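Read off the chains here:
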Amino acid sequence: MAWGGCGVQTEVMNPAGDLALRASDLRYAYGDRVAVDGVSFELAPGEVLGLLGPNGAGKSTTIKMLIGLLPPQAGSIEVLGMAMTEHRSAIQARLGVVFEEKNLYPTLSGRENLAFFARLFARRDVDLDALLERVGLATRGRDRVSGYSKGMRQRLTVARALLNRPDVLVLDEPTDGLDPVSARSIRGLIREEAERGVAVLLTTHDMYEADGLSDRVAFIDEGRILALDTPEQLKLRHGQRTVRVRRRVDGQVEESVVTLDDDAGDRLRELVAAEGLLTIHTEEATLEDVFVAFAGRRLE
Amino acid sequence: MASHPVTAIIAKDLRLFLRDRFYAFITVLGLGFYVLVFWLLPATADPSIPIGLHLPGGEALLAEALEDEADQGIEVVVFTSSQELEAAVLAGDEVVAGLDFPPEFLAATASGTPTSARVLLTGEAPTVLSDALSAVVAELALAIAGQQPPVTFPEVEELVLGVDRADQVLSWREQLRPLLLLIVLLVEMFALASLVATEISQRTITAILATPARVRDVLAAKTLLGTALAFSQAVVLAAVTATLTRQVVLLLVVLLLGAVLVTGFGLVAGSLGQDFIAIVFWSMVLFVPLVVPAFAMLFPGTPALWIRVLPTYGLAETLVRVTGYGEGWTQVWPELALLSAWCVAASLLGAVVLGRRVVLV
């Protein structure tokens, strides 16, 4: 976990108190096409918020506004108690960003890429070797990025996002298209940062990733947040839990599905008590099911 | 701390430039090639036109005529036979045209008997040369016959408007000097365009702008590096071609302005082109009109108005007048002012186009 210049784990400094990021009624339109339409949410230190939505839902435009690349046409952004309109540079100095595209310099080595961005952050004290080791690139740090695999490039972009020891991490589809090993490695890094107290905003269209990583999930579609809660609450409130019971009846396998509502107890007792019971499976709703319930369409 | 992003981006871009084998190759090879071409070109100018002449029995008369014609820029080469003269004109190495007189020419002309002479030309010879040689034949006939036409020739006053450079013919080496310097500057425009376009197409620019670095830092870094690269290479070429032997400060200022000018256009080309083919296309679209003034300097006379309004006209004209004719600040300040105005315009254009492009990524 230790990777800073002095080899000491740092704690997140948050003079604003409990809130790392606040987005209020953000709006942005490209001409007539509204991309973001009144998005509001808050993010606490150490919290992982998953922004879940299909392609074109408004996730990337929201991210661009939150990291200071795009000024909102309406609404406001406050990061660590500072307004984006007034303190953009100060905020960006404390933000770590992983972009969806692997925007690195292919003819520079991994170490040279990190060194360049460290200079942009005016952080000459960063131990680049320790950082490369943390993302599993210690032995390849002096190789040119053009020779890296997709997973290695993505890990390097995560290392770049951690260069300035950020208080807020913004990750746009950090595991998109990666092999399972690389994806797991990056999820591990995200969890470590959250445990350190870093506020993490994560956009993804992978419901399992959002479910596994996020403390809270916001569904976004057509530029609006449809729902925002913990994954558990979303599934409990808006998804269906079922029990699937299989029995052998007259030599044939018969399957019964019981939805867990108020009347489910009696029906389940009947099925379990009956002869020929083979298997009982409980099934929870997925975030995808909940999203469909809200948006009327799937996440793809 | 404000200098951090600018110096960081410059250092990074310089490293990218040096690692790009294509640009390193054309930079080194180009410089070597231009230096070689420069030193292979003739260092002296010979403005006379060699004319072959065959006039049997008229050698004494010719000797007198030769002295007069030499002052007019015509060098006469005497041949002893028509066949030799024809062969020499056809080869084109020794003479560009010939006058062939028959053996009876002198006697026939003196006695007033009709005779003829041949003007020998190749197909590429301009018609004005044929007319001039025909006039020479007529003058020669009048001189031999001792007769003058019944007119009194009016006095002709020769008045050269503008700068008289009739006796200051530049060698090929001197004429090509501004062209070579301009080409070195323009090649750097291409290299800078590529650096800018790659930054945009690979979206590394968004990663930069997500840090405390601002668009103005990116603009400043690209402008400074582009100017430094173009200027340093132009200075190296100028030094190796012995250009910096007089008016050194003035020449350095001219080259610096030239570097600023091509950097502005390099930013434009880089912002418009998103891949190698597009960069080449936009660079060539800008390269062709920008190199025209240097070509115009190869030909005598004042260039046409459309050439004089091109951004690099002030650069080419100043280089020719300073390196070729030894002029100084007081003579070339109007061209310097024009060049400076174009520098401001190109830099503003480059900044606006790149600034807009960066924000839209």
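Just so it is clear, the model here is predicted, and its values are computed rather than measured.

**Q** Looking at this model, I keep getting lost on the overall build of chain A. Mind explaining?
**A** Looking only at helices and strands, chain A has 10 helices and 13 strands in total. When each of the 300 residues of chain A is scored for burial, the buried share is 41%. Contacts in chain A between residues at least 24 apart in sequence constitute 70% of all its contacts with a sequence separation of at least 6.

**Q** When you look at the overall build of chain B in this model, what are you seeing that I'm missing?
**A** Looking only at helices and strands, chain B features 14 helices and four strands. Buried residues in chain B amount to 38% of all 361 residues. Residue pairs at least 24 apart in sequence account for 74% of intrachain contacts in chain B once pairs closer than 6 positions are excluded.

**Q** Even after reading the chapter, I still don't get the sheet that holds strand β10 (residues 224-229) of chain A, so can you show me in this structure?
**A** Within a sheet, neighbouring strands are paired by backbone hydrogen bonds and run either parallel or antiparallel to one another. Residue and element names in this part refer to chain A. What the six strands build is an open sheet, ordered β6-β7-β8-β3-β9-β10; its pairing is mixed. Where the open sheet ends on each side, the last strands, each with one partner, are β6 (95-98) and β10. This sheet shows a mean twist of 15° between the axes of neighbouring strands, independent of strand direction. Two strands pair when backbone bridges link them, and β6 and strand β7 (residues 168-172) are joined in this way by four bridges, in the parallel orientation. Bridged to valine 98 within β7 is leucine 171. Sheet strands in contact with helix α10 (residues 287-295) are β3 (48-52), β9 (216-221) and β10, and its direction is about 40° off that of β9.

**Q** Which parts of the structure should I look at to understand the interface of chain B and chain A?
**A** You'll often see interface size given as the accessible area lost when the parts meet. With 19 residues of chain B at the contact, the number on the chain A side is 20 residues. Breaking the side of chain B that touches chain A down by element, the ones donating at least two residues are α1 (3-19) and α8 (204-209) of chain B. Looking at which element gives the most residues to the side of chain B that touches chain A, the answer is α1(B), with seven residues. Looking at the side of chain B that touches chain A, its residues break down into 10 nonpolar, five polar and four charged.

**Q** Is there a simple way to think about the environment of Glu86(B) in this case?
**A** Looking at the element boundaries, Glu86(B) is found in helix α4 (residues 82-91). Counting along the chain gives 267 residues from Glu86(B) to Val353(B), while the straight-line C-alpha distance between them is 62 Å.

**Q** What's the story with the domain arrangement of chain B in this structure? I'm lost.
**A** What the domain assignment lists for chain B is domain 1 (3-42 + 169-360) and domain 2 (49-145). Centre-to-centre, using C-alpha coordinates, domain 1 of chain B lies 50 Å away from domain 2 of chain B.

**Q** Looking at this structure, how should I read helix α3 (residues 110-120) of chain A?
**A** Because an α-helix completes one turn every 3.6 residues, residues spaced three or four positions apart along the sequence face the same direction. Residue and element names in this part refer to chain A. For α3, the tally of buried residues reaches nine of 11 residues, placing the bulk of the element in the interior. If you check which residues of α3 are buried, you get Gly110, Arg111, Asn113, Leu114, Phe116, Phe117, Ala118, Arg119 and Leu120. Note on α3: the residue one or two positions beyond its end, alanine 122, has a positive phi of about 55°.

**Q** Any chance you could explain the domain arrangement of chain A here in plain terms?
**A** Entries for chain A in the domain assignment read domain 1 (21-230) and domain 2 (242-283). A separation of 45 Å is found between the C-alpha centroids of domain 1 of chain A and domain 2 of chain A.

**Q** How should I be thinking about the pairing of strand β1 (residues 21-30) of chain A in this particular structure?
**A** All names here are of chain A. For β1 and strand β2 (residues 33-43), the ladder comprises eight bridges, and the chain directions are antiparallel. By the bridge assignment, arginine 22 is partnered in β2 with glutamate 42. The antiparallel pairing of β1 with β2 creates a hairpin that spans two residues between the two strands, and glycine 31 there sits at a positive phi of about 65°. In terms of strand pairing, β1 meets strand β4 (residues 74-79) through five bridges, oriented antiparallel. For leucine 21, the partnering residue across the bridge sits in β4 and is valine 79.

**Q** Can you help me understand the packing of helix α7 (residues 172-201) of chain B against helix α9 (residues 215-240) of chain B in this one?
**A** All names here are of chain B. For the pair α7 and α9, the least separation of the axes is 9 Å and the interaxial angle reads 150°. The orientation of α7 relative to α9 falls into the category roughly antiparallel. The element α7 and its partner α9 pack so that their crossing is right-handed. Across the interface between the two elements, Leu180, Leu181, Val184, Leu185, Glu188, Ala191, Leu192 and Val196 of α7 pack against Lys222, Gly226, Leu229, Ala230, Gln233, Ala234, Leu237 and Ala238 of α9. When the residues that make up the contact of α7 with α9 are grouped by side-chain class, the tally is 12 nonpolar, two polar and two charged.

**Q** Sorry if this is basic, but what is going on with the pairing of strand β1 (residues 49-54) of chain B here?
**A** Here β1(B) pairs with strand β2 (residues 74-78) of chain B via five bridges, running parallel. Bridging across to β2(B), Pro50(B) finds its partner in Glu75(B).

**Q** Would you explain unusual backbone geometry in this entry?
**A** Most of the time, phi is negative for any residue but glycine, and the peptide bond is trans. A positive phi is found at Arg165(A), a non-glycine position, where the angle reads about 45°. Position of Arg165(A) relative to the elements: it lies in the loop between α5 (150-162) and β7. The exposure class assigned to Arg165(A) is buried, which follows from the 21 C-beta atoms found within 10 Å. Positive phi is not limited to glycine here, since Ala242(B) has a value of about 55°. Residue position: Ala242(B) is located in the loop between α9 and α10 (248-272).

**Q** Which parts of the structure should I look at to understand the sheet that holds β2(A)?
**A** All names here are of chain A. Here we have four strands laid out as an open sheet, ordered β2-β1-β4-β5, and antiparallel in their pairing. If you trace the sheet from one side to the other, it starts and ends with β2 and β5 (82-83), each paired once. For β4 and β5, the ladder comprises two bridges, and the chain directions are antiparallel. Note on β5: the bridge partner recorded for glutamate 78 is alanine 83. Sheet contacts for helix α1 (residues 59-66): β1, β2 and β4; angle to β1, the most-contacted strand, approximately 120°.

**Q** Please explain the nonpolar core as it appears in this structure.
**A** Nonpolar side chains in soluble globular proteins generally cluster together in the buried interior. Membership of the largest hydrophobic core comes to 148 residues, with the highest contact counts inside it found for Leu52(A), Val170(A), Val200(A) and Ala234(B). Residue contributions to this core peak at 18 residues, all from α7(B). Sequence-distant contacts of Ala234(B), defined by excluding residues within four places in its chain, comprise Leu181(B), Val184(B), Leu185(B), Leu255(B), Gly258(B) and Ala259(B). Counting 17 residues, the second largest nonpolar core, distinct from the first, contains Leu55(B), Leu85(B), Leu99(B) and Phe105(B).

**Q** Explain the environment of Ala293(A) here, please?
**A** Its place among the elements puts Ala293(A) in helix α10. Taking the C-alpha atoms as reference, Ala293(A) lies 18 Å from Gly50(A); in sequence the two are 243 residues apart.

**Q** Could you clarify how one ought to interpret the confidence of the model for chain A in this entry?
**A** Note: predicted coordinates in regions of low pLDDT should not be interpreted at a detailed level. The predicted model of chain A has a mean per-residue pLDDT of 88, with 93% of residues at 70 or higher. Predicted confidence for residues 1-16 of chain A stays below pLDDT 50, and this span has 32 contacts to residues more than four positions away or in other chains.

**Q** Just to check I follow, could you spell out the packing of α7(B) against α10(B) for this structure?
**A** Between two packed helices, what matters for the description is the angle formed by their axes and the separation of those axes. All names here are of chain B. Following both chains from N to C, one finds α7 and α10 inclined at 35°, their axes separated by 7 Å at the closest point. Here α7 runs over α10; the crossing is right-handed. Where α7 abuts α10, its residues Leu185, Leu186, Glu188, Met189, Leu192, Ala193, Ser194, Leu195, Val196 and Ala197 lie against Gly258, Ala259, Val262, Thr263, Phe265, Gly266, Leu267, Ala269, Gly270 and Ser271.

**Q** Just to check I follow, could you spell out the environment of Asn113(A) for this structure?
**A** All names here are of chain A. For asparagine 113, the position within the fold is in helix α3. Taking the C-beta count within 10 Å as the criterion, asparagine 113 has 26 such neighbours and is therefore assigned buried. The spacing of asparagine 113 and arginine 160 is 47 residues in sequence and 8.1 Å in space, taken between C-alpha atoms. Ignoring any residue separated from it by four or fewer positions in sequence, one finds asparagine 113 in contact with Leu104, Tyr105, Leu108, Val145, Leu156 and Arg160.

Reading the values: rules and limits
Residues numbered from 1 in each chain as written. Chains lettered and ligands numbered in written order. Predicted model: local features only at pLDDT ≥ 70, side-chain atom pairs only at ≥ 80, totals over all residues. Helix = DSSP H or I, 4+ residues; strand = E, 2+ residues; numbered from the N terminus. Buried ≥ 20, exposed ≤ 12 C-beta atoms within 10 Å, placed from the backbone. Contact = placed C-beta atoms within 7 Å. Pairing = 2+ DSSP bridges. Axes fitted to C-alpha atoms, helices over the stretch in contact; angles between N-to-C directions. Nonpolar A, V, L, I, M, F, W, Y, C, P; charged D, E, K, R; others polar. Domains from an automatic or database assignment. Parallel < 35°, antiparallel > 145°, perpendicular 65-115°, else oblique. Left-handed = near helix turned anticlockwise from the far one by under 90°. Core = buried A, V, L, I, M, F, W, Y, C linked by C-beta atoms within 7 Å. pLDDT = per-residue confidence, 0-100.

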